[in-house]
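# Survey of secondary and tertiary structure
Listed below, chain by chain, are the residues.
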Amino acid sequence: MTSTDQKIEFSPENMQLVKRLMGEYPEGKHKSALLRILHIAQRQFGGWLSSDVMDYVAEVMNLKPIEVYEVATFYSMYFTKPTGKYVFDVCHTGPCAIEGAEKLCNHIEKRLGVKEGETTADGMFSWRGVECLGACGYAPMLQLGDSFREFLTPEKVDQLIEELKNKV
Amino acid sequence: MGRKLLIDKVNVPGIETYDVYRKEGGYRSVEKALKTMTPDEVVEEVKKSGLRGRGGAGFPTGMKWSFLAKPEGIPRYLVCNADESEPGTFKDRYLMEKIPHFLVEGMITSSYALGANTSYIYIRGEYMWVLHILEKAIAEAYANGFLGKNILGTGYNLDLHVTCGAGAYICGEETALLESLEGKRGNPRMKPPFPAVKGLWQSPTVVNNVETIAAVVPIVNDGGEEYAKIGIGKSTGTKLISACGNINKPGVYEIELGIPVEEFLYSDEYCGGIKNGKKLKACVPGGSSVPIIPHFLVCKTAKGEDRLMSYESLSDGGFATGSMLGSGGFIVYDEDQCVVRNTWNFARFYRHESCGQCSPCREGTGWMEKVLYKIETGHGQMEDIDLLWDIQRRIEGNTICPLGDAAAWPVAAAIRHFREEFEWHIKNPQLAQTKNYGLVAEKVFEMAQ
């Protein structure tokens, strides 16, 4: 599902949250809420930020579109291209590398049959190697949505993939 | 057993809730400060405690607080840096996840001391579930009269909000964090002006690490002098250390500053020794930015004294034979680890995280990554080692923010202590693909500055 298939409008709950977040800053400083609001937008509008979505966020926040684009392209958690429904962000920095992050990445690549940054044909999965996620003592690990999956093995990843497939 | 001031109650069932936290003595520091102390008296206690910033730089917190400008009619802000992203560091996450009210309490007491009426916690975007834990704790604090208007009937008002990043190591640097908190790209600012004068929205601002703010709670409860009795020399109090790598017991430990590194590394109370009975090869004691030290300099200094877990002892010998306490991200490497590969890995990290503002860092981090990759994959030449040394030397000190230094130091230290391993890689390109070099001999290479 891409953002063009649906009307771009925050759900009532999300709009309420967006308004609350903008209200957490002094008069005229509501741009501070942009990063959180982009997370909300990304989640609601198909897992990535199309230029239409970014324009919509700019409109809701009364910002210039460029102010949204420059933020969306700076931070690694925002996607400006479509991704799989589930994205595995596998930490591959130092401490995770010691514990076999590379093997894990190779396993995921083989298991999903797609290279880093690509999406499976059914649109279900993408994966990428990312830098330190702050779980160094629980390595190797990956981030999936809002959760961390820690002390991973190839078997545990296989199990995770099966679980997610069956969830549909 | 060392004293624990921050995480002694993490295992109390329900401690993440207000009711249990309060029953366990929580929010006493707010009551004490707001009802019986002036803001300046709180600052004075923090000065007496000798507390130093726990995010990595180790700057005295009381002094940082006293630099805060107080112009009439302009709001002041306290911002908590919860952007923990230094490889090897996962201590703040532990504290916030397990005992969120501790940080909320610290924020209230510290905000009062600084005269801030609005404060923010900026947490890295990847810790989104921790953000929700904190928001829940904050809502409970509002509901119980510890946040909002006229707190505890004292006339002090404070609003506390949480916001998040979206994946950028650079936002742990305080001016980049402020840019990000203003809803912009995380490009560090030129200093001066320092945040204490012009910070968030150009208003006077203090930015402190999670653990620093948490430490204010016991300092106010028991007094700065009591706090300063713990530790050694100018390393007072306790410190959270996140230990990882090839050890038996990775995890977060609260130590009294000044315990021997040997005890921390080998005793069952802490790391429990090297995993699988292997030998220690090297250690990065304070997060990926600090110099890696070879096995013979980990537990002893170059002078042959016991190395201690303190700011001074870990940096004893300077960068020639020492390292830094840094953020407390303690990474341990056993004899099977490859220093060239690890250095390449860290170089890739810094290349990815460079914001791109300053040429030495933007170009230099990528260049170092490429040269290191070349050596690691068997295509290196002897002059590459000197080239690496030259690049790191030209980055260090020549950038707006310390990310440049942080990228240069690991490369410099690896060459300084493990030059023969780099040479071995270059001389044995085939063998190095299947075998690791092992331990290095006990010598330090003289490097031209």
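It should be emphasised that the depicted structure is a prediction, and the values quoted were computed from it without experimental measurement.

It is worth spelling out the confidence of the model for chain B at this point. Scored by pLDDT, chain B has a mean of 96; 98% of the residues are at 70 or more. We note a pTM of 0.96 for the whole complex and an ipTM of 0.96 for its interfaces.

Moving on, we get to a nonpolar patch on the surface. All names here are of chain B. A cluster of nonpolar side chains, namely Phe59, Met63 and Phe67, defines an oily patch on the protein surface of about 290 Å² accessible area. Along the polypeptide, phenylalanine 67 turns up in the loop between α4 (61-66) and β1 (77-82). Judged by relative accessible area, which is 47%, phenylalanine 67 ranks as partly exposed.

So, on to the domain arrangement of chain B. Residue and element names in this part refer to chain B. Looking at the assigned domains, one finds that chain B contains domain 1 (18-229), domain 2 (232-334) and domain 3 (339-448). For domain 1 versus domain 3, the separation of C-alpha centres amounts to 36 Å. Counting residues at the interface gives 12 residues for domain 1, matched by 11 residues for domain 3. Approximately 900 Å² of surface area, both sides summed, lies buried where domain 1 meets domain 3, with 72% of it carried by carbon and sulfur atoms. Applying the counting rule to domain 1 against domain 3 returns zero salt bridges. Remark: the boundary between domain 1 and domain 3 carries two residue pairs in polar contact (both at pLDDT 80 or more). Each residue belonging to the side of domain 1 that touches domain 3 can be placed in one class, and the counts come to six nonpolar, three polar and three charged.

Turning our attention to the interface of chain A and chain B. In this complex, chain A contributes 39 residues to the contact, which on the side of chain B involves 59 residues. Together, A:Arg36, A:Phe74 and A:Ile98 form the three largest contributors to the area buried by chain A at its contact with chain B, with a combined 17%. Close ionic contact of A:Glu150 with B:Arg93 constitutes a salt bridge, the shortest N to O distance being 2.8 Å. Secondary-structure elements contributing two or more residues to the side of chain A that touches chain B are α2 (34-44), α4 (65-72) and α5 (94-98) of chain A. Here the side of chain A that touches chain B is composed, by residue class, of 18 nonpolar, 10 polar and 11 charged.

Conventions and cut-offs
- Within each chain, residue numbers correspond to sequence positions counted from 1 in written order.
- Lettering for chains starts from A, numbering for ligands starts from 1, and both go in the order in which the items are written.
- Residue-level local features of this predicted model are given only where pLDDT is at least 70; pairs of side-chain atoms are given and counted only at 80 or more, and the full residue set underlies all totals for whole chains, interfaces and linings.
- The side-chain values count all of the structure's non-hydrogen atoms but skip hydrogen atoms and water molecules.
- pLDDT: the predictor's confidence for each residue, scored from 0 to 100.
- Only residues above 30% relative accessible area that lack a salt bridge enter a patch, with like-charged residues linked at up to 9 Å and the nonpolar side chains Val, Leu, Ile, Met, Phe, Trp and Tyr linked at up to 5 Å.
- Computed with the Shrake-Rupley method and a 1.4 Å probe, the accessible areas treat only the protein chains shown as cover for residues.
- Basic side-chain nitrogens of Lys or Arg form a salt bridge, by our definition, when they fall within 4 Å of a carboxyl oxygen of Asp or Glu.
- Labels follow the DSSP assignment, with helices taken as runs of H or I lasting at least four residues and strands as runs of E lasting at least two, numbered in each case from the N terminus.
- The buried label goes to any residue with under 20% of its type's maximum accessible area, the exposed label to any with over 50%, and the partly exposed label to all in between, with areas taken from a 1.4 Å probe on protein chains only.
- Each domain span listed reflects an automatic or database assignment of domains.
- When checking whether two residues touch, look at their non-hydrogen atoms; a contact exists if any pair is within 4.5 Å.
- The term buried area means the drop in 1.4 Å probe accessible area that two parts suffer when joined, counted for both and summed.
- Between N or O atoms, a polar contact is any pair within 3.5 Å; within protein, one atom must be a potential hydrogen donor and the other a potential acceptor, and residues adjacent in sequence are included only when both atoms are from side chains.
- When residues are grouped by polarity, Ala, Val, Leu, Ile, Met, Phe, Trp, Tyr, Cys and Pro land in nonpolar, Asp, Glu, Lys and Arg in charged, and all others, Gly among them, in polar.

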